[in-house]
Amino acid sequence: MRAKGSIDQLAVFGGQPTFAERLHVGRPNIGERERFLARVQDIFDRRWLSNHGPYLEQLEARVAALVGCRHAIGVANATLGLQLACRALELTGEVIVPAHTFVATAHALAWEGLQPVFCDVRKGTHHLDPSRVRELITPRTSAILGVHLWGLPCAIDELAGIARQHNLQLFFDAAHALACSYGGQMIGNFGALEVFSLHATKFVNSFEGGVICTNDDDLARRLRMLANFGYGETEFPECVGTNGKLNEISAAMGLTNLESLGEFVEVNRHHQRAYRAGLAGLPGIRLVEYPEGEDHNYQYVVLEIDSARAGLTRDELLKLLVAENVLARRYFFPGAHRLKPYRAADGSVPHLPETERLCESVLLLPTGTAVSGEDVARVTELIRFALGRGGEIRAHRAAARTASTV
Ligand SMILES: Cc1ncc(COP(=O)(O)O)c(C=O)c1O
């Protein structure tokens, strides 16, 4: 498909979509297929399908080596990993958490009978605002759960200071942050523990899966016990536990994909740069930056769209892109605090102005190994085309609406 010459060639106005096939955010990366399939054969030959098998052991060793931490504990998914964390840390009452996150962060707390207390993010970042965190501490607060959204670390040192001062637990949802660093140290070493996701949409996946990292030996022992029905070293359970185990097929997939981690990061970094260059200079458009000097996985291309300056609102641009088969996403609209399970009975929501602003302006663009450099070039071209003709597009849409009502 050639570039658009005029706005009536846009797919929203009946033109041919730019892409014949849909482009996705988070389409899975898949490592060396033959190596994975050989491992599956091996699993069948060994007939060891779950219960801390050799592939899980290898996966855990590999993550521990990558992160440089004492313990990496493979679990069925990161949501369950966060739930296990709540139990192992013996949390009670309220836990302070950002609203600008995937709902699983809040669900893990609520599922464990804890109250998520939604906190705003700091202006200019997408992460917990430590000064707001301070204001939300009550006698019922037992912990702070930070989220390293987009793989960018939250204000770890400041949060650690607050946690120390108020005697609170601090732990992190690091679902996005495998292979990322903070101050030169890998994520996975901070707070009491950190939980990575290996879900299919994450840049390293094990179909479904997660890994909890900690440097605390006793905490690691408790986490393993809780994830294995409460069984520790003895014949009978020591406590109430659940089934949080990661099976061997998933572990083999995770291990295989970890072996391609460098290649995945390189593709993501390349796309990140291409998007940045392609969208440079567009008014009202900001691409979230990955600062030099730290390790990043670059797995998300995050746009902030200032509707007043960009010519189109985020949602207008989204509609236009989707029609062209570019399935950009509004992560994490409308914010966990506005979702049904967390709204107050009277419909009121906490005052989180920066979160609200991000929820109205953030748009994620397709990246990863399922997306080519040429795809990225076409998406940026499309965005430039649309934003440069915002007024015309709105007028065309209004005219079409009027015509359809006559
Ligand atoms: C920020 C965040 N936290 C937690 C999760 C839950 O991870 P999982 O799907 O492995 O349970 C996800 C994504 O799935 C996420 O994006």
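Calculation criteria
- Residues numbered from 1 in each chain as written.
- Predicted model: local features only at pLDDT ≥ 70, side-chain atom pairs only at ≥ 80, totals over all residues.
- Heavy atoms only, no water.
- Salt bridge = Lys/Arg side-chain N within 4 Å of Asp/Glu carboxyl O.
- Domains from an automatic or database assignment.
- Buried area = accessible area lost by both parts, 1.4 Å probe.
- Polar contact = N/O pair within 3.5 Å; in protein donor to acceptor, adjacent residues only side chain to side chain.
- Helix = DSSP H or I, 4+ residues; strand = E, 2+ residues; numbered from the N terminus.
- Nonpolar A, V, L, I, M, F, W, Y, C, P; charged D, E, K, R; others polar.
- Buried < 20%, exposed > 50% of the residue type's maximum accessible area, 1.4 Å probe, protein only.
- Contact = heavy atoms within 4.5 Å.
- Near = heavy atom within 4 Å.
- Areas by Shrake-Rupley, 256 points an atom, 1.4 Å probe, with all protein chains shown as cover.
- Core = buried A, V, L, I, M, F, W, Y, C linked by side-chain atoms within 4.5 Å.
- Pairing = 2+ DSSP bridges.
- Axes fitted to C-alpha atoms, helices over the stretch in contact; angles between N-to-C directions.

### Considering the pattern of salt bridges
Using the criterion set out here, one finds 23 salt bridges in the structure. Each of Lys123, Arg286, Glu304, Glu354 and Arg357 takes part in one network of salt bridges that share partners.

### So, the domain arrangement of the chain
Domain boundaries assigned for the chain yield domain 1 (33–258) and domain 2 (261–405). The distance between the C-alpha centroids of domain 1 and domain 2 comes to 28 Å. Considering only the surface of domain 1 that becomes buried against domain 2, Phe118, Trp150 and Phe203 emerge as the three largest contributors, covering 26% of it. The interface formed by domain 1 and domain 2 includes 18 residue pairs in polar contact (both at pLDDT 80 or more). Secondary structure elements with two or more residues in the side of domain 1 that touches domain 2: helix 4 (103–111), strand 4 (115–119), strand 7 (181–182) and helix 8 (248–258). The leading source of residues in the side of domain 1 that touches domain 2 is helix 4, at 4 residues. For the side of domain 1 that touches domain 2, the residue count by class is 22 nonpolar, 12 polar and 4 charged.

### Some details on helix 7 (residues 217–227)
Buried within helix 7 are the following residues: Leu219, Ala220, Leu223, Met225, Leu226 and Ala227. Residues of helix 7 that are buried make contact with strand 2 (71–75), helix 3 (78–88) and strand 10 (210–214). Capping of helix 7 at its N-terminal end is provided by aspartate 216; its side-chain oxygen lies 3.0 Å from the backbone amide nitrogen of aspartate 218.

### Focus: the site of the ligand
Taken together, the neighbourhood of the ligand is formed by 14 residues, with Thr79, Asp173, His176, Ser197 and Lys202 sitting nearest. In this structure, a nitrogen atom belonging to the ligand sits 2.6 Å away from a side-chain N or O atom of aspartate 173. Between the ligand and lysine 202 there is a distance of 3.0 Å, counted from an oxygen atom to a side-chain nitrogen or oxygen. Expressed as a share of its isolated accessible area of 380 Å², the protein-covered part of the ligand is 92%. At the level of secondary structure, the elements contributing two or more residues to the shell around the ligand comprise helix 3 and helix 4. Per-class residue counts for the shell around the ligand are 4 nonpolar, 8 polar and 2 charged.

### Notes on the nonpolar core
Counting 66 residues, the largest nonpolar core has Val63, Ile144, Trp150, Leu178 and Ile187 as the members making the most contacts within it. Counting residues per element, this core draws most heavily on helix 2 (residues 54–67), at 6 residues. Each of two domains, domain 1 (33–258) and domain 2 (261–405), supplies a minimum of three residues to this core. Sequence-distant contacts of isoleucine 144, that is, excluding residues within four places in its chain, are made with Val95, Ile96, Leu128, Val133, Leu159, Ile162, Ala163, Leu168, Gln169, Leu170 and Phe171. Ranked by size, the runner-up nonpolar core spans 34 residues in total, among them Leu82, Leu114, Ala143 and Phe171.

### Re the sheet that holds strand 14 (residues 362–365)
Taken in spatial order, the 3 strands of this open sheet run 11-12-14, and their pairing is antiparallel. Across the chains shown, the open sheet's two edge strands, defined by having one partner strand only, are strand 11 (285–287) and strand 14. Strand-to-strand, the axes of this sheet are offset by a mean angle of 30°, without reference to chain direction. Across 3 bridges, strand 11 lies against strand 12 (residues 301–305) in antiparallel orientation. Paired with arginine 286 across the two strands is glutamate 304, which belongs to strand 12. Lying on the sheet, helix 12 (residues 353–361) is in contact with strand 12 and strand 14; it crosses strand 12 at an angle near 105°.

### Quick notes on helix 11 (residues 314–323)
Buried within helix 11 are the following residues: Arg314, Glu316, Leu317, Leu318, Leu320 and Leu321. Two residues or fewer past helix 11, asparagine 325 is found with a positive phi of approximately 70°.

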